[in-house]
Amino acid sequence: MPRAISLFFSLILSLLISAQQAWSADGRSDYDLDDDGLIEIDDWADLNEVRNNLDGTSLYGSSVGCPTEGCVGFELTTDLDFDTNGDGVLNVEDTFWNSGAGWQPIGSSRDEAFSGIFHGNGYLIRNLMIARPTSDSQGLFGIMIDATVKELGLSGPLMRVQGRNVVGGLVGYAQGGQITATFVSGYVHGTGGGVGGLVGSTTGTDIVASYVTGFVRGDGDNDIAGLLGYRLGANVIASMSTAYVQSRVVGGLVGYSWSGDHTETSVSYWATDASGQNISYGGTPATLAELQCPTSADNTNCSAKVLYETWSSFTDEQGNGYWDFGTNTELPGLRMGGRVYRDADGDGSEADFDDFPTQFAASVDSDGDGSPDFWKSGCEDECRSASGLVLDQFPGNPAAVLDTDLDGMPDQWNSDCDSACQSSSGLTLDEDNDNDGVANEDDAFPANQAASVDLDDDGYPDAWLAGCDSDCQSESGLVLDPSLSDTDNDGVENDNDAFIANAAAAVDDDGDGFPDAWLENCDSECQSSSGLTLDVSLNDTDNDGVVNDEDAFATNGAASVDADNDGLPDAWHEDCDSDCQSGSGLTLDESLNDTDNDGLVNSEDPYPSDPTRTEDEDAPEILQVPAAISVAATGESTLVTLNVNEAQAIDNFDDELDYQVELNGELLAINADQQVSLPSGALSLDWFAVDDAGNRSEPLSQAVNVYPQVRFTLHESITGEDRDALLAIELSGPSPAYPISILATWVESESTATTDDMVTEGESGVDPSELLVTIDSVDALENAAVRIPVAGDGLQEADEVLSIALVSAIAGSADVFAMPIDDSRSNHRMTVTDNNVAPTVQVTGSQAGENATVFINDAGEITLTAVVEDVNGGDSHSYQWYTEELPVTPGDQASFSFDPLSMALGEYSARVVVTDDGNPMLSSEEETFTFTLQEAAAPDDGGTDDGGSDNGDQGDDDTDNGGDDDSSDDISTGGGGQTPVNNGGSSGGSSGGSAGLWLLCLLALGGLWRRRLAC
């Protein structure tokens, strides 16, 4: 073949080979071998390349082999171990060490976020390491948006993910999409907030069928939890966490939900004891043991809560359930890709990597000697003690475990460490474990520096070591032997112990060598090994045929009965002859059943041991009275049940006592139903216990609050328009508490008036359906009223009726009580009229600004005032006074004053009639005001006054009793005591004077043409 043709074919072949190699940068010709639209991830290099293909459409820039519609994500084809050289240490020798910073999370910002599918196919990312404590959004994925991650686990003893804010084992921040069937078993740490074992923070990303075990730490102040740190609008479903959570502000399962809505978490759980957390923004709390107990979903036997409710319904694409529940000592595991991943004890280490798979306390035993190298974080003293494990002080050496004094020398060899093991261990036994200067073989307490001697081997040291001060003694946990003369350490000193060398018994009263009883702490094994046999007459010390419990003289065979317990036998035993009797030292009782021999049998003797006292003189002592009660009054007085059976008292003699109850010193009658009649108010009842002799105890008080009825003062009233009508409210008695809040309402069905007849808007407006009255104190009672602002429409209408009902009332502020409503006066009928209604009037008198009916003649002017009440809102009034007894003739005025200095002492009256200007004009009833005028009280000068003239007093010749002699009075004795009036004006007499009469007539005539207008 010509050389040119050969070169041509060589060139073509070279181009073909180059083109084939260009199909794939990593040499693959098909990136989706199973044609499922997911590109296979075969190693760490592939996974690292995902950050350059965040939407899942290609890898290494190629989509060769993807379906026509394109690839949408990635899938793992194998487990990946970050410890790439497999030496058990993460360091520079590992591919993605990155100068100690470890893995660079996939997805670094919202614009560069992972948005495809990542299917783990049940494979693991082992020993993932990230160490970026000053960087946010850290995890296998840094940021995901609308991504899907499923069937993926992260675990391994070297796993450690560290960032600042928004840190999670799987992903730092996720938005949208879903995370299903994933788990993290390892260490996750955020130096800031938003830290979760699985996800740091999420907006709208659902987490389903996932779990976290291990350790979650957050140094920030918020949003830190076992599974998810922070969420907004994201659901957590069928998931759990047993991770220990260490932070200031934490949650067991969810750290914080922005909406505060716990319902976004369903059928999900966290272990309160393992996590150290009792709170969570969602989820159901349970103990680790409760979460391990169920062997199937929907369990109701292991806890008061339903555990793993509906969990069996969560399945993979083939219909296989995700959750495997194992045994009743294991946590549920995730079933993925034909494998079950389970951290049975919830300590953060999978069973395959857990040297103690059933112990939460620890997981690592590097030398395989059965003792853990270290305790799990969160396992404190109680957890460690409960585990039954002993920490290995030589974790890399199987020869020994214990080193009490931590001096580097073992206290003893492990039981399976033979001489070859010992010699090859490089260790030397510690001959003085507690370093107290006493060799172990001579030290009764070889692990305690406080003492070393215990001659009787009772576990109590005989003495403290010389260098052991008070702090050393108290911290030792030891107690000195209380009795060095108690050879058998049975608590009975040798001098009082019949069996000083045998701890089984101590008493042998009859000295026969047989113990009378076993010591309390001597069980069956102790008894059988003691070599002793109980005395056959164990319950009859004196062998008189009467057991000790029934023998008043248990150590004397002469007698056994002493009914009155006076130390004198009632009779001799039949077989006790004269020698027995004289030798017994006893004397027969001459007064049976009379302990003090005072002639009164014990059952009738209040002082059976005191012959000088035979009558009950001691009062009972009352110990307890019934609890404080609050009741609603039923009227002016109320029957209140006292619960007498709650009272307790004691007496030196009487077993049954009576009780008396007093109110304000008055004895109350208690009826057959234990009821007493009480007034309203805050009452203090004094209880007394009374014995058969009439002795009364000191009192003990019971608080009883009787809340009075609330009612209207009047059943009905009448009012005009354009005014505030006040419907007075009163109580049936004093109230125990204030303020009182009363609710009244308009009864529309019983009313002809409508809301148009009331002011319902503005500052003075009311809501007729909610009329509120508040009585702040007892002083406010007289002004308590329902206010009805009646509107004025300026129209002449027929009378209208407004019915108001009292609905409810409560008293008190902190502790409130529902007060009763008096049914007989719970409704008020108010008539609203456009007709004129006569006014009413009252007269008050005052002197020096003080209202009174008794005045002093030289204390200044007296003022009389007519106080008018007129239900017609716009009326004006005229006043006709009748003052024939007073030194003044007032005009048409509501108030007038006069000086009483010139008036005689005695009783006076004034009358008034008030007339309105309505149509027709109406007048009030005549109102009379009576008062007394007297002198100021004179100081006592020690003299006497018999009415004579020798003491200089006036009044001796005062025939009119006016206080002056008749010779100096301005009136004569024939004046009838009437005070003259000014002759130049109206007399002000009973006729009212001619001017007053004409004024009244003119006003009446004017009213015929006057049309009354409402304002």
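Scope of this entry: the structure provided in the associated data block. Remember, predicted model here, so these are calculated numbers, not experimental data. (Residues numbered from 1 in each chain as written. Predicted model: local features only at pLDDT ≥ 70, side-chain atom pairs only at ≥ 80, totals over all residues. Heavy atoms only, no water.)

Considering the state of the cysteines
Summed over the entire model, instances satisfying the criterion amount to seven disulfides. C522 shares a disulfide with C526; S-S distance 1.9 Å. With the S-S bond torsion at -100°, the cross-link from C522 to C526 turns out left-handed. The disulfide partner of C576 is C580, and the gap between their sulfur atoms is 1.9 Å. On the sign convention where negative is left-handed, the bridge of C576 and C580, at about -100° about the S-S bond, is left-handed. Residue C576 is classed as buried on the basis of its relative accessible area, which comes to 4%. Take C580: its relative accessible area is 26%, and that puts it in the partly exposed class. (Disulfide = S-S within 2.5 Å. Buried < 20%, exposed > 50% of the residue type's maximum accessible area, 1.4 Å probe, protein only.)

What to know about unusual backbone geometry
The omega torsion across Y738 and P739 is 0°, close enough to zero to call that bond cis. With respect to the element layout, P739 can be found in the loop between β39 (723-731) and β40 (740-746). Residue P920 is reached from N919 by a cis peptide bond, and omega for that bond is 5°. One can find P920 in the loop between β52 (906-916) and β53 (927-934). (Helix = DSSP H or I, 4+ residues; strand = E, 2+ residues; numbered from the N terminus.)

A few points about the pattern of salt bridges
If you walk through the whole model with that rule in mind, you get 19 salt bridges. E662 is paired through a salt bridge with R696; the nearest N and O atoms lie 3.3 Å apart. Residue E662 is found in strand β32 (residues 658-663), and its partner R696 is found in the loop between β35 (681-690) and β36 (700-707); the two are separated by 34 residues along the sequence. By relative accessible area, E662 is classed as buried at 13%. Residue classification places R696 among the partly exposed residues on the basis of a relative accessible area of 32%. Two residues, R711 and D822, come together in a salt bridge whose shortest N-O distance is 3.4 Å. Of this pair, R711 sits in strand β37 (residues 710-712) while D822 sits in the loop between β44 (817-818) and β45 (827-832), and the two are 111 residues apart along the sequence. Its relative accessible area of 8% is what places D822 among the buried residues. A cluster of three or more residues bridged by salt bridges with shared partners is formed by E636, R711, E730, D822 and R825. (Salt bridge = Lys/Arg side-chain N within 4 Å of Asp/Glu carboxyl O.)

A look at the packing of aromatic side chains
Within this structure, the stated rule accounts for 27 aromatic pairs. An angle of 85° between the planes, with centres 5.4 Å apart, marks the rings of W44 and F82 as edge-to-face. Of this pair, W44 sits in helix α2 (residues 44-49) while F82 sits in the loop between β3 (80-81) and β4 (117-126), and the two are 38 residues apart along the sequence. One Lys or Arg, R51, reaches over the ring of W103 and ends 5.0 Å from the middle of that ring. Above the face of the F688 ring, R696 is positioned so that its terminal group lies 3.6 Å from the ring centre. (Phe/Tyr/Trp six-rings, centres within 6.5 Å; stacked < 30°, edge-to-face > 60°. Lys NZ or Arg CZ within 6 Å of the ring centre and 35° of its normal.)

Here's the deal with the sheet that holds β37
Read across the sheet, three strands follow the order β37-β39-β42 without closing on themselves; strand pairing throughout is antiparallel. Two strands close off the open sheet at either side, each with one partner strand: β37 and β42 (785-790). Strand after strand, the sheet turns through a mean of 30° between neighbouring axes, direction not considered. Examined bridge by bridge, β37 and β39 share three bridges and lie antiparallel to one another. Its bridge partner being in β39, R711 is matched across the sheet by E730. (Pairing = 2+ DSSP bridges. Axes fitted to C-alpha atoms, helices over the stretch in contact; angles between N-to-C directions.)

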